[in-house]
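Single-letter residue listing:
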Amino acid sequence: MMKLFDAHCHLQDPRILSRAPQLIATALDAGVVRFAVNGVSEKDWHLVKQMGEKYTSVIPCFGLHPWYVAERTPNWFDTLKECLESTPSAAVGEIGLDKGSRGREIDFSDQIDVFRQQLELARELKKPASVHCVRAFGDLLQIMKSIGSFPAGVILHSYLGSAEMVPEFAKLGAYFSFSGYLMSLEARKAKKMLRAVPSERILLESDAPDAFPKSELDSLFMVDGDPSIPEELQGQGGKLSSNDGSSSNFSYAVRDVSTLPKDTLNHPANIQNSCGTTYFGRVGLV
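The following paragraphs examine the structure supplied in this document. (Residues numbered from 1 in each chain as written. Predicted model: local features only at pLDDT ≥ 70, side-chain atom pairs only at ≥ 80, totals over all residues. Heavy atoms only, no water.)

Concerning the overall build of the protein chain
For the protein chain, the count of helices and strands is eight helices and ten strands. For the protein chain, buried positions account for 54% of its 286 residues. Long-range contacts, defined here as pairs at least 24 residues apart, represent 73% of the contacts in the protein chain between residues at least 6 apart. Working note: accessible area of the protein chain is about 12,700 Å², and carbon and sulfur atoms make up 52% of it. (Helix = DSSP H or I, 4+ residues; strand = E, 2+ residues; numbered from the N terminus. Buried < 20%, exposed > 50% of the residue type's maximum accessible area, 1.4 Å probe, protein only. Contact = heavy atoms within 4.5 Å. Areas by Shrake-Rupley, 256 points an atom, 1.4 Å probe, with all protein chains shown as cover.)

As structure tokens, this is what we get:
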């Protein structure tokens, strides 16, 4: 069985927090040996810290996500630094820049200020940083260049940037992490981008509970009790195994992931067959 490291997920997310013990156990059985669990705001850092203390498989990450910049308290940076310094195994994340539909609601100059402080802290503490970037790769590259190289690494989470920018990011110490979102890219573009990334800088992630992959449903792990699944897709004469000893009521006739709601919860074990060899094989890279 292939052993994998989930380079980015959110097991503390309120949508799946109560199910985290089962999700972790199932993913471990499926070959996922480590989970980098990323906090997104001051409100969930304590949950991430507790998870890191409870599970040896969890690598806690503390960061202020750009979507939550406006909610930060005056002491956010001191709290973040304390979390990182008191947790030797911790990384910095999720941090970043966002000019997408939701990111446009947050002042971009504030995003830059908060992001730069966190990235400089990661470099100072010699810790890796997990970076969210949506439609702001030019800004990201400029900021990284202004700070300098990152020997501990910068993980470009769920990377969907251009092939042309890969060498410049890699030169600064970036790693490129791919989630189920990669499967939404047109194959030609994905192949070009993936071939630009040095193999030793490729990481895989589930981004659970987001990034539900486009794959055959019977090859995927489902989150038991997912409230996003409508009743009409349940109990239609057949159950799709959730692969954790229980079952979810999905009709065997429902094979196309596109028929499921966009907010279907992603299981961390799906890293094994969604953004791994399945997709890399599809674009001819394995």
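Anyway, onward from the coordinates.
Section: the sheet that holds strand β7 (residues 174-178)
Strand order in the open sheet made by the eight strands is β1-β2-β3-β4-β5-β6-β7-β8, with parallel pairing throughout. Among the strands making up the open sheet, the edge pair consists of β1 (4-9) and β8 (202-204). Neighbour-to-neighbour, the strand axes of this sheet turn through a mean angle of 30°, independent of strand direction. (Pairing = 2+ DSSP bridges. Axes fitted to C-alpha atoms, helices over the stretch in contact; angles between N-to-C directions.)

Observations concerning the pattern of salt bridges
As enumerated under the stated definition, the model contains nine salt bridges in all. It is possible to trace a salt-bridge network through shared partners that takes in Asp13, Arg15 and Asp210. (Salt bridge = Lys/Arg side-chain N within 4 Å of Asp/Glu carboxyl O.)

Structural notes on the nonpolar core
Core analysis: the largest hydrophobic core is formed by 70 residues, its most contacted members being Leu119, Leu140, Leu156, Tyr159, Phe169 and Phe176. Non-local contacts of leucine 119, meaning those with residues more than four positions away in its chain, are made with Ile95, Ala129, Ile143, Met144, Ile147, Phe150 and Val154. (Core = buried A, V, L, I, M, F, W, Y, C linked by side-chain atoms within 4.5 Å.)

Some words on helix α3 (residues 76-85)
Taken together, the buried positions of α3 are Trp76, Leu80, Cys83 and Leu84. Angularly, the buried residues of α3 cover 95° about the axis, an arc narrow enough to put them on a single face. In this structure, α3 carries Asp78 and Glu85 as exposed residues pointing more than 90 degrees from its buried face. The inward-facing, buried residues of α3 abut α2 (45-54), β3 (58-62), β4 (91-98) and α4 (108-125). (Arc of directions from axis to C-beta.)

Re the environment of glycine 31
With respect to the helices and strands, the residue glycine 31 is situated in the loop between α1 (20-29) and β2 (32-38). Each C-alpha atom of the pair glycine 31 and alanine 269 lies 8.0 Å from the other, and the pair is 238 residues apart in sequence.

Brief notes about the layout of surface pockets
Quantified by volume, the largest pocket comes out at close to 1,300 Å³. If you trace the largest pocket, you find 47 residues lining it, with Trp67, Tyr181, Asp207, Asp210 and Ala211 closest to the centre. Only β4 and β5 (129-134) provide two or more residues apiece to the lining of the largest pocket. It is β5 that provides the largest number of residues to the lining of the largest pocket, a total of three residues. (1 Å grid on protein atoms, 1.4 Å probe; cavity = no way out; pocket = protein on both sides within 12 Å on 5 of 7 lines; lining within 4 Å. Points joined across faces, edges and corners; volume = space filled by probe spheres on them.)

A few points about empty space enclosed by the protein
Inspection of the entire model under this criterion finds one cavity of 30 Å³ or more. Forming the walls of the largest cavity are Val131, Cys133, Phe137, Leu156, His157, Ser158 and Tyr159. For the lining of the largest cavity, a count of residues per class yields five nonpolar, two polar and no charged. (Nonpolar A, V, L, I, M, F, W, Y, C, P; charged D, E, K, R; others polar.)

Describing the environment of leucine 156
Mapped onto the fold, leucine 156 is located in strand β6 (residues 154-156). Its relative accessible area of 1% is what places leucine 156 among the buried residues. Between the alpha carbons of leucine 156 and cysteine 133 there is a distance of 7.5 Å; along the sequence they are 23 residues apart. In this structure, leucine 156 is in contact with Val131, Leu140, Phe169, Ala174, Tyr175, Phe176 and Ser177, ignoring residues within four places of it in sequence.

A word on helix α7 (residues 187-196)
Looking only at α7, the buried set comprises Ala190, Met193 and Leu194. End-on view of α7: buried residues confined to an arc of 95°, all on one side of the axis. In α7, the exposed positions that point more than 90 degrees away from the buried face belong to Arg188 and Arg195. A distance of 3.0 Å separates the backbone nitrogen of arginine 188 from a side-chain oxygen at the start of α7, and that oxygen is part of glutamate 186. (Polar contact = N/O pair within 3.5 Å; in protein donor to acceptor, adjacent residues only side chain to side chain.)

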